[in-house]
Amino acid sequence: MTPFRVHHGIVAALPRVNVDTDQIIPKQFLKRVERTGFGPALFYDWRYRPDGTPDPVFELNRPKARGATILLAGANFGCGSSREHAPWALGEYGFRAILSESFADIFYANSCQNGILPVRLRAQEMAELFHRAAASEGPYHLTVSLEEMSVVDGDRFTARFTMEEYRRAALLEGLDEIARTLLHEPAIAAFERRRAALHARLEA
Amino acid sequence: MSGRTLFEKVWDGHVVHQLPDGGPALLYVDLHLIHEVTSPQAFEGLRLAGRRVRRPDLTLATVDHNVPTGDRTLPIADPIARRQVELLIENASAYGIPLYDLAAPEQGIVHVIGPELGATQPGLMIVCGDSHTSTHGAFGAFAFGIGTTEVEHVLATQTVVATKPRTLAARFAGRPAPGVSAKDLVLALIGQIGTAGATGHVIEYMGPAVRALSMEGRMTMCNMSIEAGARAGMIAPDETTFAYLMDRPRAPSGAAWTRAVDRWSLLVSDPDAQYDLTVEVDASTVAPQVTWGTSPGMVAGIDGRVPAPSTASTAGEREAIQRALEYMGLAPGTPLEGIPIDRVFIGSCTNARIEDLRDAARVVRGRKVAPRVRAMVVPGSMMVKAQAEREGLDEIFRRAGFEWRNAGCSMCLGMNPDILQSGERCASTSNRNFEGRQGRGGRTHLLSPTMAAAAAIAGCLTDVRQWTLADPAEAEQVEAAR
């Protein structure tokens, strides 16, 4: 997993609430058996018109969002299906961080597993960021630091966020969670022995 | 110290290792369900790292998401869908995982067959790479959906890393009116608390209206927990649970059964257990529910109307309603009753169990699907299908003009050929009315099986409380006399 320490990049603003993972990656693209190849299908139904050409109205297709790596999203982002294809698509498109008032639980975990930082900010802070992104004539930039747990824009906007230390450490170091868990192999094996003994008693 | 909730009891029994400082815990997984769409990348990761499947005996695989529901003797036409199914067969065989493939009489939607086989039991910790894993909580299991990287983690370690969720008590008082089902109760709850109302929480459903539900109804309720944003839904096991599980293939038998029931009976919340949130719903005032928008929380009673965006409390919600009404092709103030529909889908892990089909059949019996409407029934599993056929339900549906199909997720998510065309309006017993969920441009109204059946006959959304239903026993006699 790619570590996440500090990231500076262009912002794309998607001020819609309850964006579900069916919108992030529609089901017709879930048939791949690899973790790659999902970027071009990101937000497919919103991003392209029925004839396959990019829809200029869609937020990500606007010139100032070109090359965006930070997504501003409405509340409850990533609700619905557990498909990890959603963060795979977001990551492949180029997003490194997603900022929202709130995330759906499974999506939040899936993003962390893929080196994409989900940042929870207060409603007021998100409103201010949406306002600044909209007001900016050219691309709007932010710096997201997981080391400092801060979001700054170099123009007097600063916000702090929190993250569970276990997840933060994994992102900062790009740790493989399976390897991390296997350090507890003796505890897993001991649990299995107790479990087997209980089952033997119940099934005797 | 106060008592523990049902959830806390199950959680505590599965902690392998607790990380310090309120960090997540490593939980042991008793049952890992896998299917063809979210597992291929997990097996690939396992293979690349040279890891094995730790407990194939605690893993169970089936194909459901992308499988065709038409003629099973033909090869799967979609080459990519076929590849996913073939890969699951290869992976299951390589790692020794029990698999119910397309040829198996037990094949079906993973959340239908787990309980049907008796693999889903009270007190278990169950995960699956699918958000509707919350279904299994109906038995008093702690069950939740995970992503593919986590699927790989469970395959390799038989554990999952989880942060302890908070608890939400959803108490359903009163008795629902005839024609009001578990689907209506849970949709009413989601309408009340919103699609993020239970984020970070486990919902425990309780109260007389929940106790009165069959296992099928309880599964419908827990299934929809994720649509309220919940990590999981749970219901304490009782006599209804035990009666459902008895004699199922994977359930304990003989003396082990008695011991199991004794243990399962302890899985109730203590009287002094504390919940982080409590929500009350008066079941006696709930009308049959229908969604009018593109999120399950955009829901109202069938006697209600499409709301105006101006009724929203925040700017974000106002825009969401505006967008939803445009997408759904509905004007504010339109009565829900009478909205014409093109398609009807009775199926999905939410509402395609035997009781759902029996309920729908009571509406359909002796009637005809409206001429313009295309309606289909997709049983949740091949065992549900076989049971329904033994009871003659397939004939009732077929005679009325419904298509009677094979088991799978089908039009709930439209990964197989069963999809809506753009602009088509569908009355659906599934769980998500998201934009494009059932096909790009398709318009979904979520409702219960009896409401869907009535809509098929009427050709529009209609209040099933006004309908005369066939009495099951009486209907049998009519059938016999014919």
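Computed from a prediction, not measured in an experiment: that's the story for all the values here. Residue numbers run consecutively from 1 along every chain, following the written order of its sequence. Here the convention is simple: chains get letters from A, ligands get numbers from 1, in the order in which they are written. For a predicted model such as this one, the threshold for reporting local features is a pLDDT of at least 70, and the threshold for listing and counting side-chain atom pairs is 80 or more; totals across whole chains, interfaces and linings nevertheless cover every residue.

A. Inspection of the overall build of chain A at higher detail. Strands are runs of DSSP state E lasting at least two residues, helices are runs of H or I lasting at least four, and both sets are numbered from the N terminus onward. Helix and strand counts for chain A come out as eight helices and seven strands. Counting only C-alpha atoms and orienting by the principal axes, one finds that chain A spans roughly 70 × 45 × 25 Å. Think of it as a crowd count around each C-beta: if 20 or more other C-beta atoms lie within 10 Å the residue is buried, if 12 or fewer it is exposed, and in between it is partly exposed, with C-beta placed from the backbone throughout. For chain A, the residues scored as buried account for 42% of the 204 residues in total. When contacts within chain A are restricted to residue pairs at least 6 apart in sequence, long-range pairs at least 24 apart make up 70% of them. Working definition of a contact: two residues with C-beta atoms, positioned from the backbone, lying within 7 Å.

B. Region of the structure containing the domain arrangement of chain A. Each domain's extent was defined by an automatic or database domain assignment. The domain boundaries assigned to chain A delineate domain 1 (6-173) and domain 2 (175-204). Between the C-alpha centres of domain 1 of chain A and domain 2 of chain A the distance comes to 37 Å.

C. Representation of the interface of chain A and chain B in the model. Facing 44 residues of chain A, the contacting portion of chain B comprises 57 residues. Sorting the residues of the side of chain A that touches chain B by element identifies α1 (21-24), α4 (105-113), α6 (165-173), α7 (177-182) and α8 (185-203) of chain A as the ones contributing at least two each. Here the element with the most residues in the side of chain A that touches chain B is α8 of chain A; it accounts for six residues. Each residue is assigned to one of three groups, with Ala, Val, Leu, Ile, Met, Phe, Trp, Tyr, Cys and Pro labelled nonpolar, Asp, Glu, Lys and Arg labelled charged, and all others, Gly among them, labelled polar. Considered class by class, the residues forming the side of chain A that touches chain B number 16 nonpolar, 12 polar and 16 charged.

D. Summary view of the sheet that holds strand β8 (residues 159-162) of chain B. Strand pairing requires that DSSP identify at least two bridges connecting the strands. Read from one edge to the other, the open sheet built from three strands follows the order β1-β2-β8 (chain B), with strand pairing classed as antiparallel. Both outer strands of the open sheet, β1 (15-18) and β8 of chain B, are each paired with one neighbouring strand and no more. Between one strand and the next, the sheet's axes are offset by a mean angle of 20°, whatever the strand orientation. Note: β1 of chain B against strand β2 (residues 25-28) of chain B, three bridges, orientation antiparallel. Its bridge partner being in β2 of chain B, Q18 of chain B is matched across the sheet by A25 of chain B. Where helices are involved, their axes are fitted lines through C-alpha atoms of the stretch in contact, as for all axes, and angles between N-to-C directions lie from 0 to 180°. Running at roughly 150° to β1 of chain B, α8 of chain A makes contact with β1, β2 and β8 of chain B of the sheet.

E. Looking closely at the pairing of strand β10 (residues 201-206) of chain B. Residue and element names in this part refer to chain B. The element β10 is extensively covered by neighbouring structure, given that six of its six residues are classed as buried. Pairing of strand β9 (residues 166-173) with β10, which is carried by six bridges, proceeds in the parallel orientation. Bridged to A170 within β10 is Y205. At this point the chain moves from β9, through helix α6 (residues 182-193), to the parallel β10, and the crossover so formed is right-handed. Whether a crossover is right-handed depends on one test, that the path from the first strand over the helix to the second runs clockwise when the strands point away from the viewer.

F. Region of interest: the nonpolar core. L99 of chain A together with L185, V344, A452 and A455 of chain B are the most contacted members of the largest nonpolar core, which totals 212 residues. Other than its neighbours up to four places away in sequence, V344 of chain B contacts V373, A375, C426, A427, A452, A455 and A456 of chain B. Nonpolar cores are built from buried Ala, Val, Leu, Ile, Met, Phe, Trp, Tyr and Cys residues. These are joined into a set through C-beta atoms within 7 Å.

G. Representation of the environment of T158 of chain A in the model. All names here are of chain A. Mapped onto the elements of the fold, T158 is located in strand β7 (residues 158-160). Taking the C-alpha atoms as reference, T158 lies 9.8 Å from L142; in sequence the two are 16 residues apart. Sequence-distant contacts of T158, that is, excluding residues within four places in its chain, are made with S150 and V152.

H. Examining the packing of helix α12 (residues 354-364) of chain B against helix α14 (residues 393-400) of chain B more closely. Residue and element names in this part refer to chain B. Contact geometry of α12 with α14 gives a least axis separation of 10 Å together with a crossing angle of 45°. What the angle tells us is that α12 and α14 run oblique. Two packed elements cross with a definite hand, and for α12 against α14 that hand is left-handed. Here L357, R358, A361 and V364 of α12 lie close against α14, whose contacting residues are L393, I396, F397 and A400. We call two directions roughly parallel when the angle between them is under 35 degrees, roughly antiparallel when it is over 145, roughly perpendicular when it lies between 65 and 115, and oblique otherwise. With the far helix as reference, a near helix turned anticlockwise by less than a right angle produces a left-handed crossing, and one turned clockwise produces a right-handed crossing.

I. Region of interest: the domain arrangement of chain B. Residue and element names in this part refer to chain B. Domains assigned within chain B are domain 1 (6-278) and domain 2 (287-481). Taken over C-alpha atoms, the centre of domain 1 sits 24 Å from the centre of domain 2. Taken together, the contact pairs 40 residues of domain 1 with 36 residues of domain 2. Listed by contribution, the elements that provide at least two residues to the side of domain 1 that touches domain 2 are α4 (110-116), α6 and α8 (215-223). A breakdown of the residues in the side of domain 1 that touches domain 2 according to their chemical character gives 15 nonpolar, 17 polar and eight charged.

J. Local environment of the packing of α12 of chain B against helix α15 (residues 449-458) of chain B. Residues and elements named next belong to chain B. Across the interface, α12 lies against α15 with an axial gap of 8 Å and an inter-helix angle of 30°. Crossing geometry of α12 relative to α15 is assigned as right-handed. Here α12 contributes D356, D359, A360, V363 and V364 to the contact with α15, which in turn contributes P449, T450, A452, A453, A454 and I457. Classifying every residue of the contact of α12 with α15 by side-chain character gives eight nonpolar, one polar and two charged.

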